[in-house]
Structures are given as C-alpha cells and as structure tokens.
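# Close look at the chain arrangement
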Amino acid sequence: MLKVSNINVYYDIIYAVKDVSFEVNAGEIVSLIGANGAGKSTILKTLSGLLKSETGSISFLDNEIKNMLPNEIVKLGIVHVPEGRRIFANMTVKENLEVGGYVRSKKEVEEGIEDIFFRFPRLKERHRQLAGTLSGGEQQMLAIGRALMSKPTLLMFDEPSMGLAPLLIAQVFEIIKELNSLGTTILLVEQNAQMALSISNRGYVLENGKIVISDDSKSLLQNDIVKCAYLGS
Amino acid sequence: MHRFNWLLIFSQFINGLQLGSIYALISLGYSMVYGIIMLLNFAHGDIIMVGGYIALISILNRFGPFISVFFAISGCAVISVLIERLAYRPLRKASKTSLLITAIGVSIFLQNLAQLIFSANGRPFPASSILKNNKMRFGKINVNSVTIITILISIISMLLLVILVHKTKLGKAMRAVSEDLESGQLMGINIDKVISFTFILGSSLAGIASIMFCCQYPLVNPTMGYMIGMKAFIAAVLGGIGSIPGAVVGGFTIGFVEIFVSAIGFSAWIDVAVFAVLIIVLLIRPFGILGRRLTEKV
Ligand SMILES: Nc1ncnc2c1ncn2[C@@H]1O[C@H](COP(=O)(O)OP(=O)(O)OP(=O)(O)O)[C@@H](O)[C@H]1O
Ligand SMILES: [Mg+2]
C-alpha cells in the first residue's frame, strides 16, 4: 500500500533521515520505534508532505506522492495525527471535527460527526466547548476523531500515548486496534515500544535517522538489542 | 465654572465612532493576514489609495455610485490577490524579514505607480456623487449623514465578517490555519486558497473603508494610504495582532484617542498621543489588548 524507498530529509544542515526505506501493507499495523531525536516525526511529516525528500520515492496506492502537497496527500487517504495532538484550541470541538472533514462533502461531514459522537460520547457532550479546555485524554480523542473525519485509508499516529495516564494509554491503543480491525491501515510511531509492538504486526527500529532493524513484532519483542535499548529489560 | 457640555461630548463621541470604524475596517486586514502568514503587510494601507483612485475614475467616467463603489471594492480585492500571488507567494519559504522588506517594496511601488499615472498632486474626490452629505437633526444634535452611514456600514461589514469566519467552510479553515498552520495542512486544507481568501476579505474591507474615508476627507493622492495605514497598523498591534476582535477594539481606541486629543485643542499632538497610547498599552500587555501569546511555531 505504502512503499518508501531511500528518502533523505534535512533541516538546513541537520541530516535527520538517512536513506530510509520501508513498507506498509494494506490492513497492517506497522510500528516505527526509536529514541528521542531518532527521526520518527520527520519521517511522518515527509509522508504527509510537510517536509520534502530530495531523493528516492514514496508511493501510495500506485501514486508517487513524494512531491505532492499535504492537501493532495490527505485527499488520497493518508492522514497524520501529529505529535502533541495539535488540536485547534480556540475552536469548538465540533468545529475541529468540521475542519477535519475539510476534504469531504457537507453531507459526509455531517454523517462523520454523528459517527464520531457515537464512538466518543464525551466529545458529543462537549461539542460546543473550546477544544483547548478539554483534558489531555479528551484532546487525544478529538485528535483521533478529527483525523477520522477525512476517512483515511492509512492513518499515521505520532506518539499517541504521549502525556497520558496508563489507563488512557490502554484505551487509545484499544481504539487504534479497533480502527485497524475495521479496515484502516495504521503506521504507528512510538517511544513506548512495548505497547506499540504488542498491537502491531511488524516493526522498524530507527536509530539516528537510519533503520537498523526490521522484523515482525513478536520477534522484535524477543530481540536482545530491542529488549535492552527500548523495552527496559 | 464651565457648564459641562453634553451635546458637544456626544457629537465628539459620534465622530470618534466614525473615525474608529474606518480604522477598525483597515486594521482587520493587517491582523488577519498576520494571523495566517505572519506578515506585516505594509502595502495594505496603499490599498486605501487604490480604492480611492478607482472610485474617482469610475465616477468621472459617469458610472453611478453603486457601480463605482463596486469597482473600488473589487479592484482592491483583485490587486491585493495579485500582490500576494506575484510578490509574497514566491517567498513563502523565505525568512520573515525578506517578506517584510518585500511588503515595504510593494508599498513604495504602488505609491510611485499612482504618481506616474495621476501625478503627485492631490485630486478632489467627488464625494457628493457617492454619498450626499445631509445634516441630520436628532433633537438638539446635528449629525452628518456620512458619519451615520459610515458607522452603520462598518458595523454591518464587521458582522458579515464574523459570520463568514464562523459559519463558512473557508472561514473555519482560515481560523484553523491561523491557529496552527501545519495542523491545518494535515487536515487537507489548501493553504493557498485560504491565503487568497484572507487577502480578499482584508482588502474588501479596506475598499469599503477607503470609500468612507474619501467621503469624509474628499481628496485623493498617491501617499494618502501611508498615514491611515500606519494608524490602522498601530490599531492592529494595540488590539493584539492576529485577533479579529482585537483589530476592532484597537481601531475604535485609536479613533477615540484622536478625536479626544483634537477636541481638547491639541490637534498637533494627535500622532504623539497615538504612539503614547500604543507604548503604554504594550508595556502593560505586551501582546496587545486582546492578543494571545503566540505559541512557538515549529
Ligand atoms: N524544525 C527542526 N529544525 C531543525 N532540526 C530539527 C527540527 N525538527 C527536528 N529536528 C532534528 O531532527 C532530528 C529528528 O527529529 P524528530 O523530531 O524527527 O525526532 P523524533 O524521533 O520524532 O523524536 P521524539 O521522540 O523526541 O519526538 C533531531 O535531531 C532533531 O533535533
Ligand atoms: Mg517526534
């Protein structure tokens, strides 16, 4: 479904992503794990068109998307839930969802909001509230709901567990699993490697901008290097 | 002891509203554009001059008042969209300083272009062909009809703006992008479209302000936009740049300060007073009256 080949991404003189290649197949959950500054967010931003790779190719459902604009990429079905949620704090919960459905028709947006409210009743109760006044967990629900509004085929999460209490983390991962079982392919970026690998099919380990290990998640959970560096055992 | 003259105070209050509403309409354009692309659009003031000349030329060519006003407003919108396309868009990834210097360049360009076409001399504006100025009496108070119409039209325009920004899809996209550009792009918002929309809104309001300014001070010249633009810019900063209600509050504040200072007999000190108010407000509230601390954007 998604095939990334040999991308290189720079921030001026900082070389952040080095010759990275990986794939995500339809229906999978794929994890990308790595320490702070490994280049995980940079990869997701490149996939969603916010950053550009001079080299290589990114193909999604037979489209070359490397040089496309972010809005064109969203229309093709790749949606990115950014690190730190980045909801629109001064807009209401409902307006956040409406903006999330920007590429959809008016009717689809209305139906989408109904679906989201059904899935997340908390958001329905608070639909007229400014999004900035929601709790951290509610904001994460909103960020997910907002991303679902454009009906993605590939949903990319950047550290969805960040800043959440353990109970909420479990809940977020439950939601991710459920979305996947309903047919959405997932690319999951996490520092919480244990959690990420426990719900994903395959994983890639990123170090200093390079992919150093790739395997199915079960094997990665047993891998000595991974255990030592990322699973804290 | 002086008798307290309520009538005088009331009529000065009305004058303050008139001037303030013109500033408010113009400062909205500064604020909205800043909110989206972080640009202090110094050419925005010169759009007032553009609107003035377009209205002048169309009246002289015997287009009626409605058509002339329509030409002026849409002319302002078209020209500022062109400026964005040709001058600012190619610099989207450049530094903010380059963008700012370009805006100053565009401002100088517009003034010189007008000078080339219309000469540096001011031309009388046929205000009465657009709005006949009748004296209206409310009890003991005399008010000019231009004053009342200016205030009403400004309020209606601002209400329409609020509706556009809160109820339409593009308006919501504009608010989203102004809050978080990257996050807005991740929602599939086409930022070029939103930026054009913002420039159209801002310059249409400036076009309306231009007509009303020219009806009150009926003289157009190539540099007329400079001082009004500067005042409206100060109003935007005073209110909190990037904030729509802030621009309105800032505009009215500057209008009232100017009228008050000249009413107490210090007309020569108007500009000093305006800057003094700006400095005092920014000392107390560094982000302006209704401004929010801008979160660091990466
Ligand atoms: N805007 C930027 N300007 C310059 N360098 C940047 C920028 N953003 C990231 N970097 C650098 O690029 C490298 C990769 O950063 P990235 O944000 O992709 O890491 P990450 O794996 O997402 O880390 P984290 O887990 O902390 O979110 C880091 O060395 C970082 O310092
Ligand atoms: Mg990151």
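Residues numbered from 1 in each chain as written. Chains lettered and ligands numbered in written order. Predicted model: local features only at pLDDT ≥ 70, side-chain atom pairs only at ≥ 80, totals over all residues. Heavy atoms only, no water.

## Overview of the overall build of chain A
Operational definition: What counts as a helix is a DSSP run of H or I of at least four residues, what counts as a strand is a run of E of at least two, and both are numbered from the N terminus. C-alpha atoms define the radius of gyration, and 2.2 Å times the number of residues to the power 0.38 defines the globule rule. The classification of residues rests on relative accessible area computed with a 1.4 Å probe and restricted to protein chains. Under 20% of the type maximum is buried, over 50% is exposed, and intermediate values are partly exposed.
When you go through chain A residue by residue, the secondary structure sums to 10 helices and 10 strands. Taking 17 Å as the expected radius of gyration for a compact globule of 233 residues, we find that chain A reaches 17 Å, a close match to that expectation. With the C-alpha coordinates aligned to their principal axes, the bounding extent of chain A is approximately 45 × 40 × 35 Å. Of all 233 residues assigned to chain A, the portion counted as buried reaches 54%.

## Some points on the coordination of the magnesium ion (ligand 2)
Residue and element names in this part refer to chain A. Short version of the rule: Counted as coordinating are nitrogen, oxygen and sulfur atoms within 2.8 Å of the metal, or 3.2 Å for Na, K and Ca, while water is not included, which may make sites look incomplete.
Donor atoms from the polypeptide that coordinate the magnesium ion (ligand 2) comprise Ser41 (OG) and Glu83 (OE), at 1.9 to 2.1 Å from the metal. Taken together, the residues Ser41 in helix α1 (residues 40-47) and Glu83 in the loop between β6 (78-81) and α3 (93-100) connect sequence positions 42 residues apart. Taking the relative accessible area as the measure of exposure, Glu83 reaches 32% and is therefore partly exposed.

## Here's the deal with the site of ligand 1
Residue and element names in this part refer to chain A. Heads up, the condition is: Proximity is defined per residue: any heavy atom of the residue falling within 4 Å of a molecule or strand makes that residue near it. In protein, a polar contact means a hydrogen-donor-capable atom and an acceptor-capable atom, both N or O and within 3.5 Å, with residues adjacent in sequence counting only if both atoms are side-chain atoms; elsewhere, any N or O pair within 3.5 Å suffices. In the scheme used here, Gly and all other residues not listed as nonpolar or charged are polar, with Ala, Val, Leu, Ile, Met, Phe, Trp, Tyr, Cys and Pro taken as nonpolar and Asp, Glu, Lys and Arg as charged.
Near ligand 1 there are 14 residues, and of these Asn36, Gly37, Lys40, Ser41 and Thr42 occur at the shortest range. In the environment of ligand 1, an oxygen atom lies 3.2 Å from a nitrogen or oxygen atom belonging to the backbone of Ala38. Contacts to ligand 1 include Glu159, whose side-chain N or O atom sits 2.9 Å from an oxygen atom. Residue assignment for the shell around ligand 1 shows that the elements contributing at least two residues are β2 (14-24) and α1. Broken down by element, the shell around ligand 1 gets its largest block of residues, 3 residues, from α1. For the shell around ligand 1, a count of residues per class yields 5 nonpolar, 6 polar and 3 charged.

## What to know about the pattern of salt bridges
Threshold: Only one rule defines a salt bridge in this text: a Lys or Arg side-chain nitrogen within 4 Å of an Asp or Glu carboxyl oxygen.
Summed over the entire model, instances satisfying the criterion amount to 20 salt bridges over all chains. Its salt-bridge partner being Glu125(A), residue Arg126(A) comes within 3.2 Å of it at the nearest N-O pair. Given a relative accessible area of 22%, Arg126(A) falls into the partly exposed group. Between Arg89(B) and Asp192(B) there is a salt bridge, and its shortest N-O distance comes to 3.8 Å. With Arg89(B) in the loop between α3 (65-88) and α4 (96-118) and Asp192(B) in helix α9 (residues 191-216), the pair connects residues that are 103 residues apart, well separated along the chain. Since its relative accessible area comes to 24%, Asp192(B) is described here as partly exposed. Because the salt bridges share partners, they merge into one network encompassing Lys45(A), Arg86(A), Asp180(B) and Glu182(B).

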